[in-house]
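Topology and contacts: notes
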Amino acid sequence: MNMLQSDKVKAKALELGFMQCGIAPAHALREQQALFEQALAEGYQADMHFLEREVDQRFNPESLLEGCESVVVVTWSYLTDAQPASDHYRTARYTWVEDYHQAVKRQLQPLADFVQQECPGAQCRITVDSSRISEKQWAVQSGVGCYGKNGLIHNESGSFFVLGVLLTTARVDHYDSPQKSDCGDCDICVKSCPAHALDVPFRVDARKCFAYQTVENKSVRDSVLEDSPLLFGCDICQERCPRNKKNIQKVLKMSKTSVFLRLQNRDFENLTKEGFKTYFGETAIARRTYPRFYHAIEIKREKSRNFEILTTEKSNILQCAGRVLKEEAEAVEGLIQYLNQDFEESVRLILNSKGRLIVTGIGKSAIIGQKIVATLNSTGTPAVFMHAADAVHGDLGIIQPHDVVLCISKSGNTPEITQLTPFLKQNGNKMIAMVGNMSSFLAQSADYVLNCSVLKEATPNNLAPTSSSTAQLAMGDALATALIVERGFTPQDFAKLHPGGSLGKRLTMKVKDLYKFNDKPAVAPDASIQEVILEISGKCLGVTAVLDGEKLVGAITDGDLRRMLQKSADYAQLTAKEVMTKSPKTIHEETLAADAVNYMNTNSITNLFVVDADNRYLGVIHIHDLIREGFY
Ligand code: SF4
Ligand code: SF4
């Protein structure tokens with residue numbers, strides 16, 4: 001086999017658009033492998049357990065290509081002069097251009113063809129993040145990079161590049177030497193790292209590094225996504241590195257700029273699955289699924305919302321209150337889209353049940369449950385509240401086999417609810433879940449689900465159930481109201497259950513329920529004025545009846561007495577029948593108190609005499625009696 005000429009290979013690589021090309025002899029890197037294994041033992045790989053597998057392949061090219069003689073390493077710059085839109089959730093620079101996996105692989109193939117053309121019979125294998133080989137180690141060996149304090153860097157070109165590796169069985173006339181680190185005393189990247197992932201020099205702690213966590217870790221915690229300064233990846237330490245600053249304007253031909261850089265935050269927040277493909281399909285971000293990417297956007301949106309709330313609403317109490325009311329109203333309106341067959345079936349289930357509706361929940365959901373029970377009971381649906389925590393400590397005895405159970409829970413995974421569910425199933429009770437998480441245990445277990453999902457709570461940082469509990473409350477009202485309508489529940493039915501309420505009083509309270517508590521002022525027709533005055537003053541109703549036997553023949557009010565004094569100075573001789581108003585306004589004791597109010601208002605009077613069908617005097621009802629009962 002011919003000997004490959006190093007200069008020719010490198011010239012070809014540059015012609016193909018690569019930034020640099022170096023070639024190292026293929027041999028096992030035992031020392032580097034030992035250091036790598038030590039880092040693994042210390043847990044630096046974090047959740048990237050794939051790093052623990054087939055470690056030998058990383059450092060021994062022979063294990064990937066039999067007879068491998070040379071390792072050709074190319075670097076591809078992803079620098080671009082494109083700038084993201086303002087107000088844009090920033091992603092790491094390597095995502096701003098075409099996915100390097102595709103671009104580098106595409107350009108390495110002609111390089112492999114060239115090698116085989118120069119050395120007929122030579123075997124080649126291309127790898128771009130697609131095998132276990134430690135590309136960074138081979139980049140160092142081939143002289144195209146060295147380890148800076150934050151990862152691979154080239155002393156001249158900086159670190160905004162990615163690698164491609166071509167393994168070949170061809171031997172090369174000249175091999176390159178490893179490049180040595182030139183960071184010196186500089187520690188700019190170490191100090192700039194917001195995650196303190198560079199605290200051990202020349203070693204990136206993947207457990208802390210946002211670049212690893214936000215890209216590689218499939219089970220990354222929400223708190224990490226929130227803390228990460230970038231939406232996807234991280235290159236803050238690279239941005240600060242002085243070696244990158246001098247090359248920042250360099251634009252390479254291969255860097256095809258992505259259209260997503262034009263997106264603003266609100267475009268990210270409205271990103272659909274189709275939009276994800278359109279804007280990110282050709283970038284390295286497409287290696288992440290849409291739901292995972294969108295989840296990270298939601299975290300960012302929540303963070304910026306919280307920041308905005310805490311900065312703009314401080315000292316602006318009314319603005320804060322207005323936003324809360326608006327967001328809660330939107331949460332309730334959002335429930336309309338969830339009204340479906342399950343809601344209809346739930347109403348029919350409760351209507352046709354021979355038992356009661358048992359409502360249960362814990363925490364704020366329990367409080368909402370109590371209110372729903374109160375509404376249901378007052379509107380004709382027998383309901384009982386059972387606290388979920390007490391249920392599993394004996395209160396389960398409340399539940400009878402024919403009862404329907406409504407479980408309220410935002411998460412749908414609270415331990416008390418998950419403990420309760422098997423019992424209900426075993427007991428044969430039908431379950432309705434009112435839940436804010438459709439993939440939860442409760443939603444999956446219930447017979448019917450009332451979806452109460454909300455986008456966010458109205459409090460900053462989702463501190464307290466606000467929008468979610470309002471949504472539960474509103475859904476409970478929707479359920480109770482649908483039951484009212486289906487039952488044909490009338491105001492009279494309502495009043496029967498609410499004798500103490502204002503509607504109940506209007507529909508049920510009668511004159512006889514009020515007048516009997518008053519004194520019963522009365523004088524005979526021949527009574528003197530002095531007797532009349534004493535009777536009116538003593539009974540405190542401002543009026544007295546004038547009776548002939550038991551029959552009402554007239555009435556004297558304190559107004560009548562004032563008018564009498566104005567007309568006659570000689571009133572001492574007058575009797576009741578000379579002062580009284582004949583045919584005073586009367587009312588029957590079976591009349592509704594509400595009608596008595598109307599009667600008084602119509603006649604501009606404050607008293608009515610209560611009489612029976614034979615005009616026998618029974619007593620007096622005063623406007624104050626009606627005011628006291630809430631009729632005004
Ligand atoms: S990529 Fe970000 S988190 Fe990782 S070391 Fe650099 S600055 Fe720190
Ligand atoms: S910032 Fe300084 S220490 Fe860090 S990689 Fe660049 S030159 Fe080295």
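A brief report on the enclosed structure follows. (Residues numbered from 1 in each chain as written. Chains lettered and ligands numbered in written order. Predicted model: local features only at pLDDT ≥ 70, side-chain atom pairs only at ≥ 80, totals over all residues.)

**A word on the overall build of the chain**
Across its full length, the chain holds 28 helices and 18 strands. Considered along the principal axes of its C-alpha atoms, the chain spans approximately 150 × 60 × 40 Å. A buried classification covers 39% of the 632 residues belonging to the chain. (Helix = DSSP H or I, 4+ residues; strand = E, 2+ residues; numbered from the N terminus. Buried ≥ 20, exposed ≤ 12 C-beta atoms within 10 Å, placed from the backbone.)

**Considerations on the environment of Pro25**
Position of Pro25 relative to the elements: it lies in strand S1 (residues 20–25). A C-alpha to C-alpha distance of 18 Å links Pro25 and Gln116, two positions 91 residues apart in sequence. What Pro25 contacts, discounting residues up to four positions off in sequence, is Ser70 and Tyr175. (Contact = placed C-beta atoms within 7 Å.)

**Details of the site of ligand 1**
Taken together, 13 residues lie near ligand 1, and Cys193, Cys209, Ala211, Cys234 and Cys237 sit nearest. Of all the elements in the fold, those that place two or more residues in the shell around ligand 1 are helix H7 (210–215) and helix H9 (236–240). Of the residues assigned to the shell around ligand 1, the class counts are 11 nonpolar, one polar and one charged. (Near = placed C-beta within 6 Å. Nonpolar A, V, L, I, M, F, W, Y, C, P; charged D, E, K, R; others polar.)

**Examining the sheet that holds strand S7 (residues 357–361)**
Strand order across the open sheet formed by five strands is S8-S7-S9-S10-S11, with parallel pairing between neighbours. Of all strands in the sheet, those with a lone pairing partner are strand S8 (383–387) and strand S11 (448–451), marking the two edges. Taking the axes of each pair of neighbouring strands and ignoring which way they run, one obtains an average angle of 20 degrees across the sheet. Taken together, the four bridges between strand S10 (residues 430–435) and S11 define a ladder with parallel strand orientation. Of the residues in S11, the one forming a bridge with Met434 is Leu450. Lying on the sheet, helix H15 (residues 341–352) is in contact with S7, strand S9 (404–409), S10 and S11; it crosses S11 at an angle near 120 degrees. (Pairing = 2+ DSSP bridges. Axes fitted to C-alpha atoms, helices over the stretch in contact; angles between N-to-C directions.)

**Topic: the packing of H15 against helix H20 (residues 467–487)**
Contact geometry for H15 and H20: axes closest at 10 Å, N-to-C directions at 60 degrees. As the angle between them shows, H15 and H20 are arranged oblique. Judged by the sense of rotation from one axis to the other, the crossing of H15 with H20 is right-handed. For the pair H15 and H20, contact is made by Ser346, Val347, Ile350 and Leu351 and by Leu479, Ala482, Leu483, Glu486 and Arg487, respectively. (Parallel < 35°, antiparallel > 145°, perpendicular 65-115°, else oblique. Left-handed = near helix turned anticlockwise from the far one by under 90°.)

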